[in-house]
Amino acid sequence: MMVTESALTQWLTERAQHIEHVLEQLLPPADLVPARLHQAMRYAVLGGGKRVRAALVYAAGYACVRPDIAQAAFNESLDRAAAAVELVHAYSLVHDDLPCMDDDMLRRGRPTLHVQYDEATALLAGDALQPLAFDLLAQMPLAPEAVVRATRTLAQAAGSLGMAGGQAIDLASVGKTLSQQELQQMHTLKTGALLAASVKLGGLVAGAQASQERSLDEYASAIGLAFQVVDDVLDVTTDTAVLGKTAGKDAAANKPTYVTLMGLEGAQSFAASLHRTARQALSPLGDTSNLLSGLADFIVLRDH
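Residues numbered from 1 in each chain as written. Predicted model: local features only at pLDDT ≥ 70, side-chain atom pairs only at ≥ 80, totals over all residues. Heavy atoms only, no water.

1. Overview of the overall build of the chain
Note the cut-off: Secondary structure counts use DSSP, requiring at least four H or I residues in a row for a helix and at least two E residues in a row for a strand, with both numbered from the N terminus. Radius of gyration: over C-alpha atoms. The globule rule applied is 2.2 Å multiplied by the number of residues raised to the 0.38 power. When accessible area is computed with a 1.4 Å probe and restricted to protein chains, residues below 20% of their type maximum are described as buried, those above 50% as exposed, and intermediate ones as partly exposed. The contact criterion used throughout is that any non-hydrogen atoms of two residues lie within 4.5 Å.
Helix and strand content of the chain: 15 helices and 2 strands. For 304 residues, the compact-globule formula gives about 19 Å, and the C-alpha radius of gyration of the chain, at 18 Å, lands near that figure. Taken along the three principal axes of its C-alpha coordinates, the chain extends 55 × 50 × 35 Å. By the burial criterion, 51% of the 304 residues in the chain qualify as buried. When contacts within the chain are restricted to residue pairs at least 6 apart in sequence, those whose partners lie at least 24 apart make up 75%.

Put into structure tokens, the structure is as follows:
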């Protein structure tokens, strides 16, 4: 039985509220010295965002959880893994928005961190959020082997062979024409790697079997790329007020996108194809993957 759109919306809202509470508790208090840095970290993380990455952690965990698992340890580990990916995502946004990178003024409908505070504080806030994410993973009440695998999964997704590497390719590609293969490689690293890690972390926490991990990996690969294709489409079809960030930014910066490569209809068709691939990958998991399937719908059909 598939999850209905209204049920998924309700679940996403509940998960977003839950992870907001988890993050609020796990971040350093705003009045703890150095207070300005801790306030900036909380500004970067709390109070906004779709929390798609956290939702993917939870949905993948629920899809693969064993009936004999210790529930309290499972729930705490899922919370810490979901918080960790959100912290890495938040750090990446803070750094991406800096003048030396994408030079953006708006994020989640609010001034970007370096605008609200200053560039040095924004740099340090990002620097501090990343190690905090790994500290959270290290404290998961799981077998040491699972903790190591989870830590390596997030580290690889965030590093030079993942998100940071994709951003480096993105910066080097401004004003250039990329082939579809080159563009896909860039976005598989820049956006897809952390989304895929979110799915993988949920499976790791749940103790997923090898066959389940294969399904999760195939799903994550497709949906991670679809997320970026849809972002490119929304950048030219949705206004700033709805997006919560500056619309048309990629075109203004002369960046290669799926829309500039394929045209609007071609990019939309490619996103639909990736959507089908993601849903098909979940077939072996049966009804336990309904939330993941619903998230694929949400990611591809969203308007911001």
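2. Section: the environment of G203
Examined against the element boundaries, G203 turns out to sit in helix α9 (residues 180-206). According to the relative accessible area criterion, G203 is buried, its value standing at 1%. When residues no more than four places from it in sequence are discounted, the contact partners of G203 are A60, G61, A208 and L216.

3. Some thoughts on the packing of aromatic side chains
Between two aromatic rings, the relevant description is the distance of the centres plus the angle of the planes. Worth spelling out the cut-off: Pairing of aromatic rings covers Phe, Tyr and Trp, the last counted by its six-membered ring, and requires centre-to-centre distances within 6.5 Å; plane angles under 30 degrees mean stacked, over 60 mean edge-to-face, and any other angle means tilted. The criterion is that NZ of a Lys, or CZ of an Arg, lies within 6 Å of the ring centre and within 35 degrees of the ring normal, and then a charge sits over that ring.
Under the criterion given, the structure shown has 4 aromatic pairs. Through a chain of ring-to-ring contacts, three or more aromatic side chains come together here, namely Y58, Y62 and F74. Against the face of F227 rests R53, its NZ or CZ located 5.3 Å from the ring centre. The ring of Y43 carries the charged tip of R110 above its face, separated from the ring centre by 4.1 Å.

4. Some remarks on helix α15 (residues 290-301)
The following threshold applies: In a helix, the anticipated span is given by 1.5 Å times the number of residues less one.
For α15, which comprises 12 residues, the first-to-last C-alpha distance of 16 Å matches the rise-based estimate of 16 Å (1.5 Å per residue) to within 8%. For α15, the buried fraction is high: 9 of the 12 residues fall into the buried class. Of all the residues in α15, the buried ones are N290, L291, L292, S293, G294, L295, A296, I299 and V300. Buried residues along α15 sit against α1 (5-26), α3 (52-64), α10 (210-237) and α14 (264-281).

5. Structural notes on the nonpolar core
Applied cut-off: Nine residue types can take part in a nonpolar core, namely buried Ala, Val, Leu, Ile, Met, Phe, Trp, Tyr and Cys, and a core is a set of them joined through side-chain atoms within 4.5 Å.
Counting residues in each nonpolar core, the largest one holds 90 residues, and the members touching the most others are W11, L87, L129, Y219 and L292. Other than its neighbours up to four places away in sequence, L129 contacts L27, M41, A44, V45, L87, A90 and Y91.

6. Points about helix α2 (residues 35-45)
Within α2, burial applies to H38, A40, M41, R42, Y43, A44 and V45. Of the surrounding elements, those touching the buried residues of α2 are α1, α4 (71-96), β2 (110-111), α5 (113-116) and α6 (119-138). Once α2 finishes, G47 follows within two positions and takes phi at roughly 85°, a positive value.

7. Here's the deal with the packing of α9 against α10
We apply this condition: The axes used here are C-alpha line fits, helices contributing only the stretch in contact, and every angle between their N-to-C directions lies in the interval 0 to 180 degrees. We call two directions roughly parallel when the angle between them is under 35 degrees, roughly antiparallel when it is over 145, roughly perpendicular when it lies between 65 and 115, and oblique otherwise. Crossing handedness is defined as follows: a turn of the near helix away from the far one that is anticlockwise and smaller than a right angle gives a left-handed crossing, while the clockwise case is right-handed. For this classification, Asp, Glu, Lys and Arg are treated as charged, while Ala, Val, Leu, Ile, Met, Phe, Trp, Tyr, Cys and Pro are nonpolar and the rest, including Gly, are polar.
Look at α9 against α10: their axes get within 8 Å of each other, and the N-to-C directions meet at 135°. Between α9 and α10, the angle falls in the class oblique. The way α9 lies across α10 gives a crossing that is right-handed. Facing α9, whose interface residues are Q184, H187, T188, T191, G192, L195, A196, V199, K200, G203 and L204, α10 presents E213, L216, D217, Y219, A220, G224, L225, F227, Q228 and D232. Considered class by class, the residues forming the contact of α9 with α10 number 9 nonpolar, 8 polar and 4 charged.

8. Points about the pattern of salt bridges
As a reminder, the rule being used: Put simply, a salt bridge is a Lys or Arg side-chain nitrogen that is within 4 Å of an Asp or Glu carboxyl oxygen.
Following the criterion strictly, the structure yields 12 salt bridges and no others. One salt bridge connects R149 with E213, and the closest N-O pair in it is separated by 3.3 Å. One end of the pair, R149, is in helix α7 (residues 144-158); the other, E213, is in helix α10, and 64 residues separate them in sequence. Judged by relative accessible area, R149 falls into the partly exposed class, the value being 35%. As a salt-bridge pair, D170 and K190 come within 2.6 Å of each other at their nearest N and O atoms. Here D170 is found in helix α8 (residues 163-172), whereas its partner K190 is found in helix α9, with 20 residues between them in sequence. Of the two residues examined, D170 and K190, each falls in the buried class. Overlapping salt bridges bring together E20, R51 and E86 as one network.

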